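Listed below, chain by chain, are the residues.
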Amino acid sequence: MQQAKQLIQNYYQAFNNSDMDTFLSLLTDDVVHDINQGSREQGKEAFAKFMNRMNHHYREQLVDMVIMANEEGTRAAAEFVVLGEYLNTDEGLPEANGQKYRLPAGAFFDIRDGKVARVTNYYNLNDWIAQVEA
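Residues numbered from 1 in each chain as written. Predicted model: local features only at pLDDT ≥ 70, side-chain atom pairs only at ≥ 80, totals over all residues. Heavy atoms only, no water.

Colleague: I tried to follow the overall build of the protein chain on my own but got confused; where do I start?
Modeller: The helix and strand inventory of the protein chain stands at four helices and six strands. When the helices and strands of the protein chain are placed in sequence order, the string is α-α-β-β-α-β-β-β-β-α. Radius of gyration (C-alpha) of the protein chain: 15 Å, near the 14 Å computed for a compact globule of 134 residues. Taking the principal axes of the C-alpha coordinates as reference, the protein chain spans close to 45 × 30 × 25 Å. In the protein chain, buried positions account for 44% of the 134 residues. If you take every contact in the protein chain between residues at least 6 apart in sequence, the share linking residues at least 24 apart comes to 55%. Just so you have it, the protein chain exposes about 7700 Å², and 47% of that area is on carbon and sulfur atoms. Across the protein chain, the mean location of the 12 positive side-chain charges is 3 Å away from that of the 20 negative side-chain charges. (Helix = DSSP H or I, 4+ residues; strand = E, 2+ residues; numbered from the N terminus. Rg over C-alpha atoms; globule rule 2.2 N^0.38 Å. Buried < 20%, exposed > 50% of the residue type's maximum accessible area, 1.4 Å probe, protein only. Contact = heavy atoms within 4.5 Å. Areas by Shrake-Rupley, 256 points an atom, 1.4 Å probe, with all protein chains shown as cover. Lys, Arg positive; Asp, Glu negative; His and termini not counted. Charge placed at Lys NZ, Arg CZ, Asp CG, Glu CD.)

Colleague: Please explain the packing of aromatic side chains as it appears in this structure.
Modeller: According to the stated counting rule, one finds 12 aromatic pairs in the structure shown. Between Tyr11 and Tyr12, the aromatic rings sit 4.9 Å apart at their centres with planes inclined by 80°, giving edge-to-face as the arrangement. Summarising the burial analysis for this pair, Tyr11 and Tyr12 share the class buried. Through a chain of ring-to-ring contacts, three or more aromatic side chains come together here, namely Tyr11, Tyr12, Phe15, Phe23, Phe47, Phe50, Phe80 and Phe109. (Phe/Tyr/Trp six-rings, centres within 6.5 Å; stacked < 30°, edge-to-face > 60°.)

Colleague: Where do I start with the layout of surface pockets in this structure?
Modeller: A probe matching the size of a water molecule, rolled over the atoms, marks out where space remains unfilled. Its volume calculated, the largest pocket comes out at about 850 Å³. Taken together, 39 residues form the lining of the largest pocket, with Phe50, Met54, Tyr58, Glu60 and Tyr123 sitting closest to its centre. (1 Å grid on protein atoms, 1.4 Å probe; cavity = no way out; pocket = protein on both sides within 12 Å on 5 of 7 lines; lining within 4 Å. Points joined across faces, edges and corners; volume = space filled by probe spheres on them.)

Colleague: Teacher, can you tell me more about the pairing of strand β4 (residues 75-86) here?
Modeller: A regular strand places its side chains on the two faces of the sheet in alternate fashion. Of all 12 residues in β4, nine are buried, a share of seventy percent or more. With 10 bridges joining them, strand β3 (residues 58-69) and β4 adopt antiparallel strand pairing. What sits directly across from Tyr58, in β4, is Tyr86. Turn length for the β3-β4 hairpin, with the two strands adjacent in sequence and antiparallel, is five residues, and the turn residue Gly73 shows positive phi of about 75°. With 11 bridges joining them, β4 and strand β5 (residues 100-112) adopt antiparallel strand pairing. Bridge pairing in β5 places Ala76 opposite Phe109. (Pairing = 2+ DSSP bridges.)

Colleague: When you look at the sheet that holds strand β1 (residues 27-34) in this model, what are you seeing that I'm missing?
Modeller: Adjacent strands of a sheet form backbone hydrogen bonds with each other and so pair up, either parallel or antiparallel. The sheet built from six strands is open, its strands ordered β2-β1-β6-β5-β4-β3 with mixed pairing. Edge positions in the open sheet fall to β2 (40-42) and β3, since each of these has one partner strand only. With direction set aside, neighbouring strand axes in the sheet form an average angle of 20°. Examined bridge by bridge, β5 and strand β6 (residues 115-123) share eight bridges and lie antiparallel to one another. Note that in β6 the partner of Ala105 across the bridge is Tyr123. The sheet strands contacting helix α1 (residues 2-16) are β1, β3, β4, β5 and β6, and the helix crosses β3 at an angle near 170°. The sheet strands contacting helix α4 (residues 125-133) are β3, β4, β5 and β6, and the helix crosses β5 at an angle near 150°. (Axes fitted to C-alpha atoms, helices over the stretch in contact; angles between N-to-C directions.)

Right, dumping it as structure tokens:
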């Protein structure tokens, strides 16, 4: 359980540090990524492309992190707050002009061989839209 929690802590620390090499190194090659209110992608390459797109459109830091794991260390969850800035307009979403947002979010993980094998992210998209349109 402690190793699983440490893995997720390292995952989010790399995210907050914008260290994509470390971030991606914590994923299995066949990682499954369930995108919030979207599709399911598979593979580290697809995840890297997703993160490149996200990093172009948004600057985010995750705070108030709480990490939980099952006793076997095969599943974990995290709840946190996203402090973000909308940098460049994302297709199908409101126009970006540096709006700041604060958004509760969470993620669920499968862990295999000491790496993230699945991540399912959740946040309230309507709340985010309301914040950036205000």
